[in-house]
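Each chain is listed here by its residues.
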Amino acid sequence: MTLQTNQTALPAWSDPTVGTATRVKALMAEMTLREKVAQLFGVWVGASAEGGEVAPHQHDMEDGVDLDAILPDGLGQLTRPFGTNPVDPALGALSLLRTQERVRSANRFGIPALAHEECLAGFAAWGATAYPVPLSWGASFDPALVRRMAARIGQDMRSVGVHQGLAPVLDVVRDARWGRVEETIGEDPYLVGTVATAYVQGLESAGIVATLKHFAGYSASRGGRNHAPVSMGARERADVILPPFEMAVREGGVRSVMHAYTDTDGIPSAADRDLLTGLLRDTWGFDGTVVADYFGIAFLKIMHGVAGDWAEAAAAALAAGVDVELPTVKTFGEPLVAALEAGDVDVALVDRALERVLRQKVDLGLLDADWDPVPGVLRDVPADVLAGVAAGSDDPAAALRGTVDLDGPANRALAREVAEQAVVLLANDGVLPLGPGVRRIALVGPTAEDPMAVLGCYSFPAHVGLAHPEIPLGLSLPTLAESLRAELPGVTVDVLPAITLDGTSDPSSTGAVGTAEVAAADAGGIAAAVELAREADVVVVALGDRAGLFGRGTSGEGCDAESLRLPGAQQDLLDALLATGRPVVATILSGRPYALGAAATRAPGEPGAAAIVQAFFAGEEGTPAVAGVLSGRVAPSGRLPVSVPGTEGAQPTSYLAATLAQATDVSNIDPTAAFAFGHGLTYTSFDWSDLVVSAAEAATDGAFEASFVVRNTGGRDGVEVVQLYAHDPVASVVRPVQRLVGYARVPLAAGASARVSATVPADVLSFTGRDGRRIVEPGAIELRFGASSADVRLVAPVSLVGDVRVVDHTRELHAPLVVGEV
């Protein structure tokens, strides 16, 4: 099918003046079976460090890929051209440009590939800004700030030719031992949903296809183990796991979803038609693409055992609603083609997925006749330079190397803003901010001089860079020691790492070190730390995690924890320093919350921390942010997105729990948190008063109106984070004691006041009833306004009246809090 446009015959699919549906239908009608299938998989590649074409990435989970054999049929996606090897951004952009030209010229329709990258804590490319991890986004309680950050990340990705980002993660933390806690936004579905939706909106505003993951239930695995089976009922799934995804689909404009690795009650997500088609598409109305988590379709055969061969795995995923196999061709290649040709798989399943993939490529402009493969950062580079950069000189890449900066001053300023808002002050007996009497600080601990201590496992330096020690990090990563000295230039800072981070290696050794030797070295280091502490005015103990993959770290994918005791001998170090009697400020740079022993739970008269500061992998500007909190330059405003446990073994636990999941007289295990969800201190004080409720009753299809006054009663400016929790004392099914339904940051100058007004639709009080339908039930409700889930300041007893009301995916999702004048 062709159309006449400006006297030039264009195929309908290449004409941007033609409607998307018509373009897609016209192209599909012309494609062979192999050409159709080729659009449904990616190939994992790495950009050339010299600006040449990409090369297929070799991985132990994949077979070798022959691009010359594949490309004549076309190619759906290019997997991580920037995020596979350290490549200068300008040369990576040129490599992607040349590869896209090769992809287009090789297939008869001129269809380029869609390029995707990781962007969980910034664009995962060499030299790109390393922003705080999602757990820090949650700690900020600031969706607007996260939206700005995501837009900036998206702009950087688009500037070098990337189309899709594999973020955000919407998994709700159910067990803090899980290694990927750092990738989550927190343990509350409303916080996760609002912050993740803002991230989606920011990324999509830059033209990047955002990808929700991991759909659904990945974080609820048994024992907090990666890829472990999930045991939960339909109600927990509906009321805890799914709401963040529903919000992001309804409000975020998201264009892609990634299935989870796990199975729930024996059904793998990648083969769950009720989830990927019935709920996601038929109910929620999602019309984008569903992509496989890496190797997830192959796992249907080799891990889940629900497919006998690769073709069966491909068929099961397609039937469920998976459209694209990532990271590379495995089941959707020859095994699927053979099954289609034999009539074992319905071609209609391929056509359904293909329509979604092509529609997305149309929306991205990739099928337009005038689509320009030159990315934004190369638009002003002369054509002869682009053409000749890879040949004709001793250093053919010199003309472009270093010309693209993905970590400029504006990025770093934004990274610092996010980091500063995410630092949580857990405890403070008045030692912070450090006063003029502090002249000597003992900075002790394994994260004191570790530049990587602020990075999560999906940051480029931790995820890829560690495999290339010969290549510079590409970023300025100030250590806590450097930042503290810069922050307090008149103070002597004595530094002693003292111990290894996890008790498995001695960084001062050049050879193999046994466990006994490491333990002995740690013991000696603790003794030295105690001596150093006795000479200091204040001891800052630097604790935390090392991000890694599959057991190579203490936090990250596949780095699950047996307990929530600090890794290695860190608790022993902390206890020894507390016993000195010197003021101890514990700073934790970690990817998950840890039990802190006596530092957090001391009884009267016992030694405890003078202050505790928590920063969840706060990115490249993380240590300046922490130092700013210690000095007082930054008034801390972060709040806990996850509870800090009181004991190291009481898992799984969450504030979002029913009565029997909390401390009771019928169990000797007390799961009460040392610091509750939503907790965080600052350097001023606030008074809450004058609660007014418009009416004590509302219909089950109505709403409540309430307002109150917050006043800064301290001597300096600060931010209060108002949190609204709903408590349902009597319900037809067991409910959490309370759950977050709204929140707002309230910045106030010293002495200033603001009126916080809340509108609470009955819809947000809904839950899944006995018959599986979501209902609003009449009865008593408490609207609890608090500074944390354990610090309720004002309570409004109200009642819902009328009949039980059934609600669905069109219900109200928010109880907005508005900050105004008194």
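Residues numbered from 1 in each chain as written. Predicted model: local features only at pLDDT ≥ 70, side-chain atom pairs only at ≥ 80, totals over all residues. Heavy atoms only, no water.

A short note on the overall build of the chain
Applied cut-off: In this text, helices come from DSSP runs of H or I with a minimum length of four residues, and strands from runs of E with a minimum of two, each type numbered from the N-terminal end. Throughout, the radius of gyration refers to the C-alpha atoms, and the reference size of a globule is 2.2 Å times the residue count to the power 0.38. Under the convention used here, a 1.4 Å probe and the Shrake-Rupley method define accessible areas, while residue burial counts only the protein chains that appear. Positive residues here are Lys and Arg, negative ones are Asp and Glu, while His and the chain termini are left out of the count. A single reference atom marks each charge: NZ on Lys, CZ on Arg, CG on Asp, CD on Glu.
Each helix and strand counted, the chain has 22 helices and 32 strands in total. Relative to a compact globule of 822 residues, whose C-alpha radius of gyration would be 28 Å, the chain shows 27 Å and is just as compact. As presented, the chain carries roughly 28,600 Å² of accessible surface, and 51% of it is formed by carbon and sulfur atoms. In the chain, 60 positive and 100 negative side-chain charges are present, and the distance between their average locations comes to 3 Å.

Let's talk about the sheet that holds strand E12 (residues 289–291)
Formally: For two strands to be treated as a pair, DSSP must find no fewer than two bridges joining them.
The strand order across the open sheet built from 8 strands is E4-E3-E5-E6-E7-E8-E9-E12, with neighbouring strands paired in mixed fashion. Whereas interior strands pair on both sides, the edge strands pair on one side only; in this sheet they are strand E4 (55–56) and E12. As paired strands, strand E7 (residues 164–165) and strand E8 (residues 209–215) are joined by 2 bridges and run parallel to one another. Each bridged residue has a counterpart across the sheet, and for Gly165 the counterpart in E8 is Ala210.

A closer look at the confidence of the model for the chain
What counts, and what does not: One confidence number per residue, pLDDT, is output by the predictor and ranges from 0 to 100. Here, residues are in contact when the closest pair of their heavy atoms is within 4.5 Å.
Residue-level pLDDT values for the chain average 94, and 96% of them are 70 or greater. Note on residues 2–7: pLDDT is under 50 here. Beyond four places in sequence and across chains, it has 12 contacts.

Digging into the layout of surface pockets
Quick note on the threshold: Grid points spaced at 1 Å over the protein atoms alone were grouped into cavities, where a 1.4 Å probe fits but cannot get out, and pockets, open sets with protein on both sides within 12 Å along at least five of seven lines, with lining residues defined by an atom within 4 Å of a point. Grid points are joined across faces, edges and corners, and a volume is the space filled by probe spheres set on the points. In this classification, Asp, Glu, Lys and Arg are treated as charged, Ala, Val, Leu, Ile, Met, Phe, Trp, Tyr, Cys and Pro as nonpolar, and every other residue, Gly included, as polar.
Size it by volume and the largest pocket reaches roughly 960 Å³. Sorting the residues of the lining of the largest pocket by element identifies helix H7 (189–205), helix H8 (234–241), helix H9 (243–251) and strand E25 (739–748) as the ones contributing at least two each. Its residues placed into classes, the lining of the largest pocket shows 21 nonpolar, 9 polar and 13 charged.

Looking at the packing of helix H18 (residues 480–487) against helix H22 (residues 622–631)
Basically, it comes down to this: Every axis corresponds to a line fitted to the C-alpha atoms, with the helix fit spanning only the stretch in contact, and the corresponding angles, defined between N-to-C directions, vary from 0 to 180 degrees. Here the word oblique covers every angle except those under 35 degrees (roughly parallel), over 145 (roughly antiparallel) and from 65 to 115 (roughly perpendicular). The crossing is said to be left-handed when, going from far helix to near helix, the turn is anticlockwise and less than a right angle, and right-handed when the turn is clockwise.
In contact at an axis separation of 8 Å, H18 and H22 are set at 45° when each is read in the N-to-C sense. Overall, the two elements H18 and H22 adopt an arrangement that is oblique. Crossing geometry of H18 relative to H22 is assigned as right-handed. Residue-level inspection shows Leu480, Ser483, Leu484 and Glu487 of H18 in contact with H22, the latter providing Thr623, Pro624, Val626, Ala627, Gly628, Leu630 and Ser631. Looking at the contact of H18 with H22, its residues break down into 6 nonpolar, 4 polar and 1 charged.

Quick look at the nonpolar core
Worth spelling out the cut-off: For the purposes of this section, nonpolar cores are sets of buried Ala, Val, Leu, Ile, Met, Phe, Trp, Tyr and Cys residues that join through side-chain atoms within 4.5 Å. Accessible area is worked out with a 1.4 Å probe on protein chains only. A residue is then buried under 20% of its type maximum, exposed over 50%, and partly exposed in between.
Of all hydrophobic cores here, the largest spans 192 residues; its most connected members are Phe123, Tyr199, Phe215, Leu573 and Ile612. Apart from the residues within four sequence positions on either side, Phe123 is in contact with Phe82, Glu117, Glu118, Ala128, Thr129, Ile153, Asp156, Met157, Val160, Val162 and Leu406. Listed in part, the 41 residues of the second largest apolar core include Leu432, Met452, Leu477 and Ala615.

Some points on the sheet that holds strand E30 (residues 791–801)
Pairing between the strands of a sheet comes from backbone hydrogen bonds, and it takes one of two forms, parallel or antiparallel. The strand order across the open sheet formed by 5 strands is E22-E30-E29-E24-E25, and the pairing between neighbours is mixed. Here the strands that pair on one side only, and so sit at the sheet edges, are strand E22 (697–699) and E25. Each neighbouring strand pair of the sheet contributes to a mean axis angle of 30°, computed without reference to strand direction. Relative to E30, strand E29 (residues 779–788) runs antiparallel, the two being bridged by 9 bridges. Following the sheet pairing, Gly786 is matched in E30 by Val792.

A few points about empty space enclosed by the protein
Taken as a whole and assessed by the stated rule, the structure comprises 8 cavities of 30 Å³ or more. Approximately 80 Å³ is the volume attributed to the largest cavity. For the lining of the largest cavity, a count of residues per class yields 5 nonpolar, 2 polar and 3 charged. Of the pockets and cavities examined, the second largest cavity occupies roughly 60 Å³. In this structure, the second largest cavity is lined by Val173, Ala176, Glu187, Leu564, Pro593, Val642, Ser643, Pro645, Gln651, Thr653 and Ser654. Counted by class, the lining of the second largest cavity contains 6 nonpolar, 4 polar and 1 charged residues.

Remarks on the environment of Met149
Inspection of the secondary structure puts Met149 in helix H6 (residues 143–159). On the accessibility criterion, Met149 (0% relative accessible area) is buried. Met149 sits 53 residues away from Gly202 along the chain, and the two C-alpha atoms are 7.3 Å apart. With near-sequence residues (within four places) excluded, Met149 lies in contact with Tyr131, Trp137, Tyr199, Leu414 and Val418.

Structural notes on H6
An α-helical turn contains 3.6 residues, so any two residues separated by three or four positions project in the same direction. Formally: One less than the residue count of a helix, multiplied by 1.5 Å, gives the span that helix is expected to have.
Across its 17 residues, H6 extends 24 Å between first and last C-alpha, which sits within 8% of the 24 Å expected from 1.5 Å per residue. Within H6 the residues assigned to the buried category are Pro143, Leu145, Val146, Met149, Ala150, Ala151, Ile153, Gly154, Asp156, Met157 and Ser159. Along its buried surface, H6 packs onto strand E6 (114–117), helix H5 (134–140), E7, H7, helix H16 (409–422) and E25.

Comments concerning the packing of aromatic side chains
What counts here: Here a Phe, Tyr or Trp ring, Trp counted by its six-membered ring, pairs with any other such ring whose centre lies within 6.5 Å, and the pair is stacked when the planes are under 30 degrees apart, edge-to-face when over 60, and tilted otherwise. We call a charge positioned over a ring when the NZ of a Lys or the CZ of an Arg lies within 6 Å of the ring centre and within 35 degrees of the ring normal.
In the structure shown here, the tally under the stated rule is 17 aromatic pairs. Plain terms: the ring middles of Phe141 and Tyr743 are 5.2 Å apart, the flat faces sit at 80° to each other, and that makes the pair edge-to-face. Separated by 602 residues along the polypeptide, Phe141 in the loop between H5 and H6 and Tyr743 in strand E25 bring together distant segments of the chain. With relative accessibility at 2%, the residue Phe141 sits in the buried group. An aromatic cluster is defined as three or more aromatic residues linked by ring pairs; in this entry it consists of Phe141, Tyr190, Tyr655, Phe677, Tyr725 and Tyr743. Geometry around Tyr458 places Lys213 over its ring, the cationic atom sitting 5.7 Å from the centre.

Description of the packing of H6 against H16
Running from N to C, H6 and H16 point in directions that differ by 150°, and their axes come no closer than 11 Å. Relative to H16, H6 is oriented roughly antiparallel. Judged by the sense of rotation from one axis to the other, the crossing of H6 with H16 is left-handed. Contact residues: Leu145, Arg148, Met149, Arg152 and Asp156 in H6; Asn411, Leu414, Glu417, Val418 and Gln421 in H16.

Quick word on the side chain of Asp323
The cut-off we apply is this: We call two N or O atoms a polar contact when they sit within 3.5 Å, provided that within protein one can donate a hydrogen and the other can accept it, with sequence-adjacent residues counted only if both atoms are side-chain atoms.
Mapping Asp323 onto the fold places it in the loop between helix H12 (310–320) and helix H13 (334–341). Here Arg356 takes part through its side chain, which lies 2.8 Å from a polar atom of the side chain of Asp323. Once residues lying within four places of it in the same chain are set aside, the contact partners of Asp323 are Leu40, Arg281, Gly288, Thr289, Val290, Phe332, Ala353, Arg356 and Val357.

Some remarks on helix H19 (residues 515–534)
Note the following rule: As used here, the arc belongs to the directions running from the helix axis to the C-beta atoms.
The end-to-end C-alpha distance of H19, which contains 20 residues, comes to 29 Å, matching closely the 28 Å that a straight helix rising 1.5 Å per residue would cover. Within the sequence span of H19, burial applies to Val518, Asp522, Gly525, Ile526, Ala529, Val530 and Ala533. Viewed end-on, H19 has its buried residues packed into an arc of 145°, placing them on one side of the element. In this structure, H19 carries Ala516 and Glu517 as exposed residues pointing more than 90 degrees from its buried face. Where the residues of H19 are buried, they touch strand E14 (440–444), strand E15 (492–496), strand E16 (538–544) and helix H20 (570–578).

Overview of the environment of Ser685
Mapped onto the elements of the fold, Ser685 is located in the loop between strand E20 (673–675) and strand E21 (686–693). Accessibility expressed as a relative area gives 33% for Ser685, which makes it partly exposed. Once the C-alpha coordinates of Ser685 and Ile241 are considered, the two residues, 444 residues apart in sequence, prove to be 35 Å apart. If we skip the residues at most four places from it in the chain, Ser685 touches Arg711, Asn712, Thr713 and Gly714. Polar contacts involving the side chain of Ser685 include one to the side chain of Thr713, which spans 2.7 Å.

Concerning unusual backbone geometry
Following Lys213, the chain continues into His214 via a peptide bond in cis, with omega recorded as 5°. As for its placement among the helices and strands, His214 is situated in strand E8. For the peptide bond that leads from Gln651 to Pro652, omega is 0°, which places it in the cis range. Among the secondary structure elements, Pro652 is positioned in the loop between strand E19 (644–645) and E20. At Arg80, a position not held by glycine, the phi torsion is positive, near 50°. Mapped onto the elements, Arg80 comes out in the loop between strand E5 (77–79) and helix H4 (89–106). Owing to a relative accessible area of 4%, Arg80 belongs among the buried residues under this scheme. Here Phe550, not a glycine, exhibits a phi torsion of approximately 50°, which is positive. Tracing the backbone shows Phe550 in the loop between E16 and H20.

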